[in-house]
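One-letter residues, chain by chain:
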Amino acid sequence: MSSLTSEEQQQRINEVRKLLGQLPDKSWVAAYCCDASISRYLRARNWNVKKATKMLKDSLKWRLAYKPEEIQWDEVAHEAETGKIYRSDYEDKQGRTVLVMTPSRENSKTVKSKIKYLVYCMENAIMNLAEEQEQMVWLIDFQGFNLSNVSLKVTQETAHVLQSHYPERLGIAILYNPPKFFEPFWKLAKPFLEAKTANKVKFAYSDDPNSMKLMEEVFDLEKVESSFGGKVESKFDIGKYAERMREDDKKMSSFWGGIRSTLGNDDNNTHKTTEPEEEKAVDILSSSNSQDVPN
C-alpha cells in the first residue's frame with residue numbers, strides 16, 4: 001500500500017474521518033484526529049480504512065480513560081530515580097528524540113506503575129520532536145542485565161501500549177550488548193510484536209564492526225554516552241533531569257491549554273475530565289457509525 005499517491009492517501013484519511021462520525025465535545029480529540037495522526041493509524045493498518053478507524057477509536061477511548069497528557073513528573077518521579085528510562089539531551093541524525101533505557105536499573109513495584117512512567121516518557125518524547133519528525137528512537141543498554149530483569153508481562157504490556165496507542169511512533173529500537181541468555185527470551189517476546197515493529201528492533205554489539213557501523217549511521221557518537229560506544233562520559237543526574245521534566249510539564253500544559261483556548265470547547269487550561277464526561281465521551285465513540293467498523 002506504500003504505492004498510494006498522496007491524493008489516494010488523503011482520500012483514505014477523509015474516509016477515516018467520515019467513519020469516525022460524531023466525536024466527543026473535547027477539543028483535544030479534534031486536535032488528536034488531525035491528518036498526520038490519522039495517517040499514522042492508516043500506515044499501521046496498511047491503509048485499511050476500517051481497521052485504522054477501529055484502532056483510532058480504541059486509542060481515543062484509552063486516552064479518555066488514561067489521560068496520558070495529564071501525567072505530571074511528580075506523579076512518576078520515583079520511577080525515574082535510577083535512570084532506567086530517560087530522554088537524552090541529543091537527537092539522532094534524523095532529528096528523532098531518543099529514549100535511553102537500562103533494564104538492569106528497574107525499580108518498579110508494579111507493572112501498572114512502570115507502564116505509567118513509560119507512557120509519560122513517550123508523551124514527553126513526542127512533545128519534543130522536531131516539527132518535521134514524528135518518530136522516536138529507543139536505545140536500550142543491557143549492561144548489568146540479568147534474569148531477574150526478565151518479565152514477559154511487562155514486555156507484553158509495553159508492546160500493547162506502543163503498538164495500539166502510539167502507532168508509527170517508534171523509528172528504531174537498538175538493543176545494545178544483550179547477553180546470550182536474552183536470546184530465548186527474545187524468541188518468547190517477539191510474537192507480542194507486529195511484524196512492522198519487530199523489524200524495527202536491531203541488535204548491536206560493541207565488539208561487532210557492523211553494529212558500530214549501525215550506531216554511526218544513526219547517531220553522532222560525539223554526543224552519545226560512552227556506554228553505547230559514544231564519546232560522552234556522563235552519569236544520570238536525577239536532580240538535573242527533574243528540572244528538565246518539570247519545565248517540559250509546563251510546556252505540555254501550555255500546549256494542551258492552547259488547543260483548548262483555540263478550539264474553545266473545553267472549559268479552561270486547568271480543566272480535568274470528570275468521570276461522567278469520560279463515560280459520555282466513550283459512549284459517543286462506541287456508538288458513532290459502529291455499524292461501519294468491524295469488531
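Just so it is clear, the model here is predicted, and its values are computed rather than measured.

Let us look at the overall build of the protein. Looking only at helices and strands, the protein features 12 helices and 5 strands. A burial count over the protein gives 48% of its 295 residues as buried. In the protein, once contacts between residues fewer than 6 apart in sequence are set aside, the share between residues at least 24 apart is 78%. Carbon and sulfur atoms provide 50% of the accessible area of the protein, an area that totals close to 15100 Å².

A few words on the packing of helix H4 (residues 49–66) against helix H6 (residues 111–127). Close contact between H4 and H6 brings their axes to 14 Å; oriented N to C, the two are set at 110 degrees. Classified by the angle between their axes, H4 and H6 sit roughly perpendicular to one another. Packed against H4, whose contacting residues are Trp62, Arg63 and Tyr66, the element H6 presents Lys112, Ile115, Lys116, Val119 and Glu123 at the interface.

Here we come to the pattern of salt bridges. Within the structure shown, the criterion is met by 20 salt bridges. Salt-bridge contacts for Arg96 lead to Asp92; the nearest nitrogen and oxygen are separated by 2.7 Å. Residue Arg96 shares its accessibility class with Asp92, and that shared class is buried. Taken together, the shared-partner salt bridges in this structure form one network comprising Glu79, Lys84, Glu106 and Lys114.

One pass over the full model with this rule turns up 2 cavities of 30 Å³ or more. Lining the largest cavity we find 13 residues, and of these Gln163, Pro167, Glu168, Thr197 and Lys200 sit closest to its centre. When residues of the lining of the largest cavity are traced back to their parent elements, those giving at least two are helix H7 (152–165) and helix H9 (195–198). Counted by class, the lining of the largest cavity contains 6 nonpolar, 2 polar and 5 charged residues.

When you tally the buried positions in strand S4 (residues 170–176), you get 7 out of 7 residues, the bulk of the element. Of the crossover connections in this fold, the one passing from strand S3 (residues 136–141) over H7 to the parallel S4 is right-handed. When S4 meets strand S5 (residues 201–204), the two strands line up parallel, connected through 4 bridges. Pairing of Ala173 across the sheet is with Val201, part of S5.

Through backbone hydrogen bonds, the strands of a sheet pair up, either in parallel or in antiparallel fashion. A sheet is described by the order of its strands in space; here 5 strands give the open sequence S1-S2-S3-S4-S5, paired in mixed fashion. Each end of this open sheet is capped by a strand with a single partner; those strands are strand S1 (85–91) and S5. Taking each pair of neighbouring strands and ignoring which way they run, the sheet shows an average axis angle of 25 degrees. Its contacts with the sheet put helix H10 (residues 209–218) on S3, S4 and S5, and the angle it makes with S4 is roughly 145 degrees.

What follows concerns the pairing of S3. Judged by how many residues are buried, S3 sits mostly within the fold: 6 of 6 residues are covered. Burial along S3 is two-sided: the face carrying Met136, Trp138 and Ile140 and the face carrying Val137, Leu139 and Asp141 are both buried. Bridge count between strand S2 (residues 97–101) and S3: 5 bridges; the pairing is parallel. Its bridge partner lying in S3, Val98 is registered against Val137. For the crossover that starts at S2, traverses H6 and ends in the parallel S3, the hand is right-handed.

As for its placement among the helices and strands, Phe255 is situated in helix H11 (residues 238–263). Accessibility expressed as a relative area gives 46% for Phe255, which makes it partly exposed. Each C-alpha atom, one on Phe255 and one on Met127, is 8.9 Å from the other, the two residues being 128 residues apart in sequence.

This part is about the confidence of the model for the protein. Scored by pLDDT, the protein comes out at a mean of 89, with 85% of its residues at no less than 70. Residue range residues 290–295 is modelled with pLDDT below 50. Its contacts to residues more than four positions away, or to other chains, number 8 contacts.

The rules behind the values
Residues numbered from 1 in each chain as written. Predicted model: local features only at pLDDT ≥ 70, side-chain atom pairs only at ≥ 80, totals over all residues. Heavy atoms only, no water. Helix = DSSP H or I, 4+ residues; strand = E, 2+ residues; numbered from the N terminus. Buried < 20%, exposed > 50% of the residue type's maximum accessible area, 1.4 Å probe, protein only. Contact = heavy atoms within 4.5 Å. Areas by Shrake-Rupley, 256 points an atom, 1.4 Å probe, with all protein chains shown as cover. Axes fitted to C-alpha atoms, helices over the stretch in contact; angles between N-to-C directions. Parallel < 35°, antiparallel > 145°, perpendicular 65-115°, else oblique. Salt bridge = Lys/Arg side-chain N within 4 Å of Asp/Glu carboxyl O. 1 Å grid on protein atoms, 1.4 Å probe; cavity = no way out; pocket = protein on both sides within 12 Å on 5 of 7 lines; lining within 4 Å. Points joined across faces, edges and corners; volume = space filled by probe spheres on them. Nonpolar A, V, L, I, M, F, W, Y, C, P; charged D, E, K, R; others polar. Right-handed = clockwise from strand over helix to strand, strands pointing away. Pairing = 2+ DSSP bridges. pLDDT = per-residue confidence, 0-100.

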